[in-house]
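Geometric and topological summary
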Amino acid sequence: RKTGPLKILFLSSDTGGGHRASAEALANQFQRLFPGTTYDLFDIWTDVDSSWPYYTIKDTYKSFSATPWKWRTLYHVSNNVVYSKLADLHSYYMNEEKIFEKLEEYNPDVIVSVHPTMNYVPLFSARKLSEKNGKDIPFFTVVTDFGSGHCTWFNKDVDKMYLASKPIKAIAQVRCGVPDEKIVMSGLPIRYDFAKQADAMGDRTTPEGKAHQAKIREGLEIDTNKRMVLVVGGGEGVGSLSDIVNEIYAKLRTQGVDATICVICGRNEKLKADLETRCWDTVVSQSLKSYESLKSRLYTRLLKLHATRSRRIQLALDRAAARAEKGDVAATPGKVDVVPLGFVKNMAEYMVAADVLVTKAGPGTIAEAAAVGLPIMVTSHLPGQEAGNVDIVLNGGFGDFCEDPETIALEIACWLQESHLLDDMSRKAMKVGHPHAAEEIALDIGETAHAWIERNSMKRNNKL
Ligand code: UDP
């Protein structure tokens, strides 16, 4: 029932890398499914001469997300219906006309918002434009958060809303009153590369899956006889990545695990340069000195964990703790390489090549890993919306959450020595993953938009 090309306007902002990545994944699918489709990406706050504080959105995100207490305060103060209504009204009075002009200038067939702050004023402008031109412009929201989301995402007046998890659906319905018929449960829209890789690899625990992984590793010039750990610092390469890499290196060496650690530093050039010149022998001797304090921390953590973790992960941790207590160091040290990388475009290949992902709780990165069955160690999260992403990993049983670099490293060393545990987590990840989400959302939006535009133009013709 697909039909012709559409002119699509995405509403997004570069507050983190995930919104743009989702918009591009969707745009790519629209062009594949509806050939001839054109699109543009519009940041309603910085592409027009908007008022304070809206034009500072990217800088505010950057500075607040680097300071968790500031982010926590902003998130929790603003995450309620009263605050968001006031913000909507304020931004409407200050900026609606400018946003309307921009929409009129672009004259889209369809508007797709992939940003929590772009679901009220632009919807109002879109409806006004439809009235003025007699051309109906359907408006869709694709929520790019995974486990929880800010209430500004959920405007019950949009035409349809695409959500990736049950906790998000509960917020949309219970807190924000979005009617059931407007909600479509979909995965998070991720790049087509992930769908292609997931299809080619199938289940990574099978011989066919392993053969595909080996082929991808060869292409990336990564040793096929070692384990591979992928450490991702997000688009901007934030987080205590440097300490985490040091500890993973040291623990894999001392536990005798042969591995390649690929570190994606994103746009953090300094970290990349640092890792390229680091003296790894010093890193190992420093890490051994702190082994003693690790034992007690590990036990405290184990006590806290027992209620929440899957049984297998818990057992692996028990074994790690027992080893740490003995001060266990393998007779033959592991052969470990560190490969520092900048911003990579072929993330899907790196995720297929890896055995374990170490990352902050970015929704896009978690959805991508799940799509290719990759177990995850989550090392940090932004307070608020990213906390729900940690729950997706823990409740899904395909990884763990830990902030202490040494414990992270010891746990990873355990996982890599337990193929059954890795396979189990991988299969659980695949249950949560949704590699074809972007394609399914684009098809549904495209077909809904065509049906909607057709129906409304018939209605208008009948009236005439
Ligand atoms: N990413 C990438 N190359 C890199 C680093 C990150 O393509 O070198 C992508 C990653 O695959 C994901 C996005 O950047 O799609 C980050 O989005 P996420 O939602 O995980 O985090 P955010 O940056 O939005 O907080």
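Residues numbered from 1 in each chain as written. Predicted model: local features only at pLDDT ≥ 70, side-chain atom pairs only at ≥ 80, totals over all residues.

**Here's the deal with the overall build of the chain**
Note the following rule: For helices the rule is a DSSP run of H or I covering at least 4 residues; for strands it is a run of E covering at least 2, with both sets numbered from the N terminus onward. Residues with at least 20 neighbouring C-beta atoms inside 10 Å of their own are called buried, those with 12 or fewer are called exposed, and the rest are partly exposed, where every C-beta is derived from the backbone. Think of it this way: build a C-beta for each residue from its backbone, and any pair within 7 Å is a contact.
When helices and strands are tallied, the chain shows 19 helices and twelve strands. Sorting the 464 residues of the chain into buried and exposed places 48% on the buried side. Contacts spanning at least 24 positions in sequence make up 73% of the contacts within the chain whose residues lie at least 6 apart.

**Description of the packing of helix α4 (residues 81–106) against helix α5 (residues 121–133)**
Stated precisely, the cut-off is as follows: Lines are fitted to the C-alpha atoms to define the axes, a helix being fitted only along its stretch in contact, and any angle between axes, read from their N-to-C directions, falls within 0 to 180 degrees. The scheme is simple: roughly parallel for angles under 35 degrees, roughly antiparallel for over 145, roughly perpendicular for 65 to 115, oblique for anything else. By the definition used in this description, the sense in which the near helix is turned from the far one sets the handedness, with an anticlockwise turn below a right angle giving left-handed and a clockwise turn giving right-handed. Only Asp, Glu, Lys and Arg are considered charged in this grouping, and only Ala, Val, Leu, Ile, Met, Phe, Trp, Tyr, Cys and Pro are considered nonpolar; every other residue, Gly among them, is considered polar.
Taken N-terminus to C-terminus, the directions of α4 and α5 make an angle of 45°; their axes are 8 Å apart at the nearest point. Taken together, the axis directions place α4 and α5 in an arrangement best described as oblique. In this structure, α4 meets α5 at a crossing whose hand is right-handed. Residues D88, S91, Y92, N95, E96, I99, F100, L103 and E104 of α4 pack against V121, P122, F124, S125, A126, K128 and L129 of α5. In terms of residue class, the contact of α4 with α5 is made up of nine nonpolar, three polar and four charged.

**Notes on the UniProt feature "domain: Glycosyl transferase family 28 C-terminal" (unreviewed entry) in the chain**
Formally: UniProt positions are given in the numbering used here, feature names are shortened, and annotations may be inferred rather than shown by experiment.
Under the feature "domain: Glycosyl transferase family 28 C-terminal" (unreviewed entry), the UniProt entry names residues 336–377. The span residues 336–377 shows a helical share of 38% and a strand share of 31%, and its end C-alpha atoms are spaced 19 Å apart.

**Quick word on the packing of helix α9 (residues 241–254) against helix α17 (residues 405–416)**
α17 packs onto α9 with a crossing angle of 40° between their chain directions and a minimal axis gap of 8 Å. Taken together, α9 and α17 sit at an angle that is classed as oblique. In this structure, α9 meets α17 at a crossing whose hand is right-handed. Between α9, through D243, I244, E247, I248, A250, K251 and L252, and α17, the contact on the second element is made entirely by P405, E406, I408, A409, L410, I412 and A413. Across the contact of α9 with α17, the residue classes tally to ten nonpolar, no polar and four charged.

**Here's the deal with the environment of I244**
By the element assignment, I244 lies in helix α9. On a C-alpha basis, the gap between I244 and V231 in space is 8.8 Å, while along the polypeptide they are 13 residues apart.

**Quick word on the site of the ligand**
Put simply, the rule reads: Residues are counted as near a molecule or strand when the C-beta atom, derived from backbone positions, lies within 6 Å of that molecule or strand.
With respect to spatial proximity, 16 residues lie near the ligand, and among them G16, G18, G362, G364 and T365 are the closest. When residues of the shell around the ligand are assigned to their parent elements, the largest contribution, four residues, is made by helix α15 (residues 363–371). Residues of the shell around the ligand, tallied by class, amount to six nonpolar, nine polar and one charged.

**What about the nonpolar core?**
Stated precisely, the cut-off is as follows: Definition of nonpolar core: a set of buried Ala, Val, Leu, Ile, Met, Phe, Trp, Tyr and Cys residues joined via C-beta atoms within 7 Å.
Membership of the largest hydrophobic core comes to 121 residues, with the highest contact counts inside it found for V229, V231, I261, M351 and I412. Per-element tally for this core: the top contributor is α17, with eight residues.

**Some thoughts on helix α18 (residues 419–432)**
Heads up, the condition is: In a helix, the anticipated span is given by 1.5 Å times the number of residues less one.
End to end, α18 covers 20 Å across 14 residues, agreeing with the expected 20 Å (1.5 Å per residue, within 8%). Of the positions making up α18, those classed as buried are L422, M425, S426, K428, A429, M430 and V432. Close packing links the buried residues of α18 with α15, α16 (387–396), β12 (399–401) and α17.

**Points about the UniProt feature "domain: Diacylglycerol glucosyltransferase N-terminal" (unreviewed entry) in the chain**
Residues annotated by UniProt as "domain: Diacylglycerol glucosyltransferase N-terminal" (unreviewed entry) correspond here to residues 19–190. Secondary structure over residues 19–190 splits into 49% helix and 12% strand, and the C-alpha atoms at its two ends are 10 Å apart.

**As for the sheet that holds strand β2 (residues 38–42)**
The cut-off we apply is this: Between any two strands, pairing holds if DSSP finds at least two bridges.
Strand order across the open sheet formed by six strands is β2-β1-β3-β4-β5-β6, with parallel pairing between neighbours. Two strands lie at the open edges of the sheet, namely β2 and β6 (183–185), each paired on one side alone. Shown here is a sheet whose adjacent strand axes are inclined to one another by a mean of 20°, direction ignored. Relative to strand β5 (residues 160–163), strand β4 (residues 139–142) runs parallel, the two sharing three bridges. Its bridge partner lying in β5, T141 is registered against M161. Along the sheet, helix α6 (residues 166–175) makes contact with β5 and β6, crossing β5 at roughly 150°.

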